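Chain by chain, the residues:
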Amino acid sequence: MEIIIPTINLASIYPEIVVTIFAVIVLLLHAFTPHHSPGGAGKGGDHLGYISFIGIAYATFLVFTQEGGTEYSFNGLWILDNYSRFFRLIFLLGTGLTILISVKYVKDEGINHGEYYSLILFATVGMMIMGGGADLITIFLGLELMSISLYVLAGYTRNRLTSNESSLKYFLLGSFATGFLLYGIALLYGATGTTNLKGISGFISESNFGNPILIMGMVLLVVGFGFKIASVPFHMWTPDVYEGAPSPITAFMSAGPKAAAFAAFARVFFEGLPSLQGVWVDLIWILAVLTMTVGNVIALVQNNIKRMLAYSSIAHAGYVLVAFVSANELGIGGILYYMLAYTFMNIGAFGIIIVVGGKGEKRVNVDDYTGLAYRHPVAAATMSLFLFSLAGIPPTAGFMGKFYIFSAAIKSGYIGLAIIGVINSVVSVYYYLRITVAMYMKEPESAVSGAESMPSLVFSTAMIIAMVIAAYGVLRMGIFPSAYIALAQQSHLSF
Amino acid sequence: MTNMWINPAFLFILGSFLIPILKGRVKQTFLLLVPAAAFLDVVLMSQGTYGAVQFLGMDLIFGKVDRLSLVFAHVFTLMAFIGVLYGLHVKDDGQHVAAYLYVGSSLGVTFAGDYVTLFIFWEIMAFASVFLVWYRRTQKAVDAGFRYLLVHIVGGLFLLAGILLRHGEVGNFAFGVISPEGITLATYLIMIGFCLNAAVPPIHAWLPDAYPEATVTGAVFMCAFTTKTAVYVLARAFAGFEILAILGAIMAVYGVCYAVIENDARRILAYHIVSQVGYMVCGIGIGSQMAVNGATAHAYAHIIYKGLLFMGTGAVLEMTGRSKLSELGGLYKYMPLALFFTVTGGISISGFPLTSGFISKSMTVEASENYSIFIMLMLLTASIGTFLSVGLKLPYFIWFNKDSGIKPKEAPLNMKLAMGIAAFICYFLGVYPKFLFDMLPYPVHWEPYTASHFAEVMQLLLFTGLGFLVLLKKLTPEPTINLDVDWFYRRGAKAFMWVANKPIAIYEEYLGEIYNKWFTNFTLRFSNFLWRIFDVKIIDGIVNDIAGFWKDLGGVARLSQTGLVRNYAFFMLLGGIVLITYYLFK
């Protein structure tokens, strides 16, 4: 028997290794630090967060030092190209910001454990593996690592019922979706005899691709990925899970894991199934329209701000699907650019939600933002910036992202889709600006009850750093987007 | 000077960031300094093309300076100074910031040499100006603001669609003259986008809807910039489109009709913007050199006198808290200066000799005479209504008529100063028209003060005045609400929210309900059945676990009002099945 010795290129997975090591360090550090208080729960210092952040920063640095070009390793299971590099940056950015906005939150909620950060880091490793997987199995492993970490994180505030509910729902439905995905992978394997994306695409282009098993496998993959990106009709978990999960985790889930699902989704479909593009493009078209419309329309009537942003994140997934449909090289760049922009603006918005929510997340309704500008002008202005960006108002990152996506759609001839998308983004202006209006245009309730319902906001140093980074990103990508757009365009897939 | 060019738009936009930082006198000085600097910048500017930037493979031009853009920038910066002075006492930083961004972006539009730059500034303009409405902080203002904003975004989208389609046709984004021959869909879309901002009926309703709800200073800014920027872009791109001449003439009459029956002082003025902009749109549609000159001159004069009128009524609103004519009256004893300034604005808008309105309006009207006598008649009719409602009715019912019993003080000094400057400009231009005529895009060979012209205007005005005295009873304003086409989108928005609230929210509940009845019941019974068998028969441990699982699941599901995991899973499954069926039977 011939033994194939795979090319092991550790250099191509240095960032993943670093994040893994730090995940273990944080875990052990907490276990071996003496806890002074009885039980020790929630009494770890800030250092856990900062160490995790250092790990992320170091991994980011490593991503920048990696050489350009496309390189396969580990026997074709792993690919390092501009595409995966760009997505890694998105994941690391999302994770870094999440850690920063968590530092105070976990202390307030009494969940300052090593496990918390460790799980975030493991989820990040999972995402990075999804971004770099060149084989369905690699992608699946990454997806599971990410998902399982997230199931736990969603229920991390154990003493809150909504959080438990959120976790359980996510777990049940996530497993269900995984079943679809795995079934799809199995069918693809059955039809083509390989799980390697290049192998699959080679097989399909050589043989007749009208095989119904192949098509079924593809559809099941759409269902599986559709769940992870929260596309309608596979979206129903999103509002419940986002509402119940701890706010930093909600922020995290809406940025990194969603981007990771898109990374894998696009990789599989553009690299593995490009010959079937004529078949799946209709499907994605429908999903894009449904996702944008349902997300935006239901967001209109939400009063809980976390729930509203959950529906909004569904809608944003719809915009990214528009980029997916208009799949020229500009379109793929649109996915990358939009996910980066979305990471900045959404985590930024959640940062303010965490601060306003206060201990126990008590103030998460739109009414709780009434008159915020009178009490905390800086917080209100920052929130408005993120909301403007989410609504796609110039000169912010969100505007450039939408502009990019919709012009790509028009250039590819999907004018109808672009029109639906643009109308949707008009609808969305209403619910985003509703918060701005509440903050600026309405006097706070009577001074006595107001003082009771809104104590002074506390910004920790880490939170301030996160907000500055996010605000900078939103403005920078909106006003001087050229560098980012060039980077996104370089990072297209080789198809 | 040719190599150095400072975009006045950026002076305002960058300046707006400093406003919240500064305090007290320093802030007030700074607020005045920026428009003054921008004004100087425009005065000293020489023609040419500046600020060309390569961006994503598009050629962006931030500074297309020619006679047309210069004259608009001239009056914009001048009005910005007057407006800021008028609002200097306002403590609300947000209003200043919004006003700065608003002025800055309309200057950005004025100097834009390509559609992309134009569109971006166009959008910022809408978003900045809506805050001037919202800062009134009443529920009515918030609602009107949202309507205003949504209408403008939709207009912006028409524009964007037109721009992108046009790019597909001509291959570039250059913003310039569009020929009236060979009109395509793109041309119409762009024109609709522009016309919406110019408040051309039937897409004008946002203006009288939102402006009266704006803050006192906000309205002063808004009346000057949005519509006049639109006039500028129309003049640049669509000069000579006949449809604009007709629409403009209709506008002129339409606005006046509503103004005559309105009761709210600021809503009367808002309808007059529609009417006055009608003259400009009409002039642009006629397209001859004289007509475009007339439109431009009228825009210049209009910005100042309409600002003055809004300042005068704004001062009354500020001091008394009222703007409805039926609630005012007899103020001449207490606010004589405001009366004087408002009447100055009123006679200017009516085109009295020796005021700015006389020289600009008659230029447009005369240009229309050579074009179509019918259009000229419409414009003259509108003139009569204008004098009737703004020149006579408005001052009469605020300052004279019955005594309303309120005794307000005169407005603060900065307001009076601002009104004084604007009033001075109205008279100055009327007496010395050459100042304005020298700035116009084309050379002017026209003399406003001829005997026949003078006599014609005076006759018209005097008979109107006589008519006013006779009809005084009939014209007494009633506190009613006059509905305009905004009714449609008020209802439209309501209907939309209803759809969002009712059917779609119900959809999720309803399907969940059906599902609960059939699928869930079945599952529960089945599990119950299993549970009983297992309980009765065999292994206790496992049984308890399974039952516990179901119970927990039920408990968890009960906590959620919105739905059950099973529903969600069911829908995922359903979605998957639908997709697969679709492909299998395709």
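Residues numbered from 1 in each chain as written. Chains lettered and ligands numbered in written order. Predicted model: local features only at pLDDT ≥ 70, side-chain atom pairs only at ≥ 80, totals over all residues. Heavy atoms only, no water.

Colleague: How would you sum up the overall build of chain A? Please name residues and give values.
Modeller: Helix and strand counts for chain A come out as 20 helices and two strands. In summary, chain A has a C-alpha radius of gyration of 22 Å against a globular reference of 23 Å for 495 residues, a match within 12%. Judged by the C-alpha coordinates and their principal axes, chain A covers about 75 × 55 × 40 Å. When the 495 residues of chain A are sorted by exposure, 66% land in the buried category. (Helix = DSSP H or I, 4+ residues; strand = E, 2+ residues; numbered from the N terminus. Rg over C-alpha atoms; globule rule 2.2 N^0.38 Å. Buried < 20%, exposed > 50% of the residue type's maximum accessible area, 1.4 Å probe, protein only.)

Colleague: Tell me about the packing of aromatic side chains, and name the residues and values.
Modeller: Residue and element names in this part refer to chain A. Within the structure shown, the criterion is met by 58 aromatic pairs over all chains. On the numbers, 5.8 Å between centres and 65° between planes, the contact of tryptophan 280 with phenylalanine 324 is edge-to-face. Pair noted here: tryptophan 280 is in helix α11 (residues 277-300) and phenylalanine 324 is in helix α12 (residues 305-325), with a separation of 44 residues, a long-range link. Comparing tryptophan 280 with phenylalanine 324 shows no difference in burial state: the two are buried. Three or more aromatic residues joined by ring pairs form one cluster here, namely Tyr151, Tyr170, Phe171, Phe227, Trp237 and Tyr242. (Phe/Tyr/Trp six-rings, centres within 6.5 Å; stacked < 30°, edge-to-face > 60°.)

Colleague: Would you mind going over the environment of leucine 387 of chain A in detail, with residue names and values included?
Modeller: With respect to the element layout, leucine 387 of chain A can be found in helix α15 (residues 377-391). On a C-alpha basis, the gap between leucine 387 of chain A and glycine 348 of chain A in space is 9.3 Å, while along the polypeptide they are 39 residues apart.

Colleague: Which residues make up unusual backbone geometry, and what are the values?
Modeller: Residues and elements named next belong to chain A. For the bond from valine 232 to proline 233, the omega torsion is 5°, close enough to zero to count as cis. In this structure, proline 233 sits in the loop between α8 (212-228) and α9 (237-244). Non-glycine residue asparagine 75 carries a positive phi angle of around 60°. Positive phi values are uncommon outside glycine, yet glutamate 361 reaches one of about 50°. Mapping glutamate 361 onto the fold places it in the loop between α13 (329-357) and α14 (372-375).

Colleague: Residue-level account of the packing of helix α14 (residues 356-371) of chain B against helix α15 (residues 373-399) of chain B, with values.
Modeller: Residue and element names in this part refer to chain B. With their axes 6 Å apart at the nearest point, α14 and α15 run at an angle of 155° to one another. The angle between the axes of α14 and α15 places the two elements in the roughly antiparallel class. Packed against α14, whose contacting residues are Lys361, Val365, Ser368, Glu369 and Tyr371, the element α15 presents Ile373, Ile375, Met376, Leu379, Leu380 and Ser383 at the interface. Class assignment for the residues of the contact of α14 with α15 results in seven nonpolar, two polar and two charged. (Axes fitted to C-alpha atoms, helices over the stretch in contact; angles between N-to-C directions. Parallel < 35°, antiparallel > 145°, perpendicular 65-115°, else oblique. Contact = heavy atoms within 4.5 Å. Nonpolar A, V, L, I, M, F, W, Y, C, P; charged D, E, K, R; others polar.)

Colleague: Quick one: what's the story with the interface of chain A and chain B, residue by residue and with numbers?
Modeller: Opposite the 58 residues of chain A that make contact, chain B presents 48 residues. Summed over both partners, the interface of chain A with chain B comes to about 4,900 Å²; 85% of that surface belongs to carbon and sulfur atoms. Between chain A and chain B we count zero salt bridges in total. Remark: the boundary between chain A and chain B carries two residue pairs in polar contact (both at pLDDT 80 or more). Elements with a contribution of two residues or more to the side of chain A that touches chain B: α6 (161-192), α8, α9, α11, α12, α16 (397-411), α17 (415-441) and α20 (482-490) of chain A. Split by residue class, the side of chain A that touches chain B holds 47 nonpolar, three polar and eight charged. (Buried area = accessible area lost by both parts, 1.4 Å probe. Salt bridge = Lys/Arg side-chain N within 4 Å of Asp/Glu carboxyl O. Polar contact = N/O pair within 3.5 Å; in protein donor to acceptor, adjacent residues only side chain to side chain.)

Colleague: Tell me what's going on with the side chain of glutamine 276 of chain B, and back it up with residues and numbers.
Modeller: Residues and elements named next belong to chain B. If you trace the backbone, glutamine 276 turns up in helix α11 (residues 265-286). Its relative accessible area of 0% is what places glutamine 276 among the buried residues. When sequence neighbours within four positions are dropped, the list of residues in contact with glutamine 276 reads His298, His302, Tyr305, Ile349, Lys361 and Thr386.

Colleague: Describe helix α5 (residues 115-134) of chain B, naming the residues involved and giving the relevant values.
Modeller: Residues and elements named next belong to chain B. Over its 20 residues, α5 extends 29 Å from the first C-alpha to the last, a length consistent with the 28 Å expected when each residue adds 1.5 Å. Among the 20 residues in α5, 19 count as buried, and that is most of the element. Of the residues flanking the start of α5, the one acting as N-cap is aspartate 114, its side-chain oxygen 3.1 Å from the backbone nitrogen of valine 116. (Expected span 1.5 Å × (residues − 1).)

Colleague: For the environment of leucine 354 of chain B, give the residues involved together with the corresponding values.
Modeller: Residue and element names in this part refer to chain B. Along the chain, leucine 354 falls in the loop between α13 (336-350) and α14. Sequence separation of leucine 354 and cysteine 426 is 72 residues, and the distance between their C-alpha atoms is 8.5 Å. Apart from the residues lying within four places of it in its own chain, the contact partners of leucine 354 are Cys426, Tyr427, Gly430, Val431 and Tyr449.

Colleague: Give me the lowdown on the packing of helix α1 (residues 8-18) of chain B against helix α4 (residues 93-111) of chain B, citing residues and values where you can.
Modeller: All names here are of chain B. Between α1 and α4, the shortest axis-to-axis distance is 7 Å and the interhelical angle comes to 160°. Between α1 and α4, the crossing angle belongs to the class labelled roughly antiparallel. Between α1 and α4 lies a crossing whose hand is left-handed. Of the residues in α4, those in contact with Pro8, Ala9, Phe12, Ile13, Gly15 and Ser16 of α1 are Val97, Tyr100, Leu101, Val103, Gly104, Ser105, Leu107, Gly108 and Phe111. (Left-handed = near helix turned anticlockwise from the far one by under 90°.)

Colleague: Report on the nonpolar core, specifying residues and quantitative values.
Modeller: Membership of the largest hydrophobic core comes to 370 residues, with the highest contact counts inside it found for Phe269 of chain A together with Phe194 of chain B. Ranked by residue count, the leading element in this core is α13 of chain A, at 19 residues. Non-local contacts of phenylalanine 269 of chain A, meaning those with residues more than four positions away in its chain, are made with Met218, Leu221, Val222, Phe225, Pro274, Trp280 and Phe324 of chain A. Listed in part, the 16 residues of the second largest apolar core include Cys282, Ala291, Val365 and Met376 of chain B. (Core = buried A, V, L, I, M, F, W, Y, C linked by side-chain atoms within 4.5 Å.)

Colleague: Can you break down the side chain of lysine 361 of chain B residue by residue, with the values?
Modeller: Topologically, lysine 361 of chain B is positioned in helix α14. Classification of lysine 361 of chain B as buried rests on a relative accessible area of 4%.

Colleague: For the confidence of the model for chain A, give the residues involved together with the corresponding values.
Modeller: When pLDDT drops low, the exact placement of atoms in the prediction is not to be read closely. All names here are of chain A. When pLDDT is averaged across chain A, the result is 87; 93% of the residues are at 70 or more. The element-level mean pLDDT for chain A is lowest in helix α18 (residues 447-453), coming to 48, with helix α5 (residues 136-154) highest at 95. Long-range and interchain partners of residues 37-42, a stretch whose pLDDT sits below 50, account for eight contacts in this model, where long-range means more than four residues apart. Across residues 447-451, confidence stays below pLDDT 50; counting only partners more than four residues off in sequence or on other chains, it has three contacts. (pLDDT = per-residue confidence, 0-100.)

Colleague: An account of the state of the cysteines is needed here, citing residue identities and associated values.
Modeller: Residue and element names in this part refer to chain B. One pass over the structure, following the stated rule, counts zero disulfides over all chains. Free cysteine cysteine 223: the closest other cysteine sulfur is in cysteine 426, separated by 12 Å. According to the relative accessible area criterion, cysteine 223 is buried, its value standing at 0%. Here cysteine 257 is not disulfide-linked; the sulfur of cysteine 282 is the nearest cysteine sulfur, at 16 Å. (Disulfide = S-S within 2.5 Å.)

Colleague: Requested: an account of the environment of isoleucine 82 of chain B, with residues and values cited.
Modeller: Residue and element names in this part refer to chain B. Within the secondary structure, isoleucine 82 is located in helix α3 (residues 67-86). The class of isoleucine 82 is buried, set by a relative accessible area of 0%. On a C-alpha basis, the gap between isoleucine 82 and threonine 450 in space is 32 Å, while along the polypeptide they are 368 residues apart. Among all residues touching isoleucine 82, those that are not within four sequence positions of it are Ile304, Met311, Ala418, Ile421, Ala422 and Ile425.

Colleague: Would you mind going over helix α19 (residues 461-479) of chain A in detail, with residue names and values included?
Modeller: Count 3.6 residues to each turn of an α-helix, and residues three or four apart come out pointing the same way. Residue and element names in this part refer to chain A. Taking 1.5 Å as the rise per residue, α19 with 19 residues should run 27 Å; its terminal C-alpha atoms sit 27 Å apart, in good agreement. Taken together, the buried positions of α19 are occupied by Ala462, Met463, Ala466, Met467, Ala470, Ala471, Gly473, Val474, Met477 and Gly478. Take α19 and look down its axis: the buried residues cluster within an arc of 160°, on one side only. Within α19, the exposed residues directed more than 90 degrees away from the buried face are Thr461 and Val468. (Arc of directions from axis to C-beta.)

Colleague: Please provide a residue-by-residue account of a nonpolar patch on the surface, values included.
Modeller: A contiguous nonpolar patch, built from Ile415, Ile419 and Ile423 of chain A together with Leu165 and Leu185 of chain B and spanning about 440 Å² of accessible area, is present on the exposed surface. For leucine 165 of chain B, the position within the fold is in helix α6 (residues 139-170). (Patch = residues over 30% accessible without salt bridge, like charges linked within 9 Å, V, L, I, M, F, W, Y side chains within 5 Å. Areas by Shrake-Rupley, 256 points an atom, 1.4 Å probe, with all protein chains shown as cover.)

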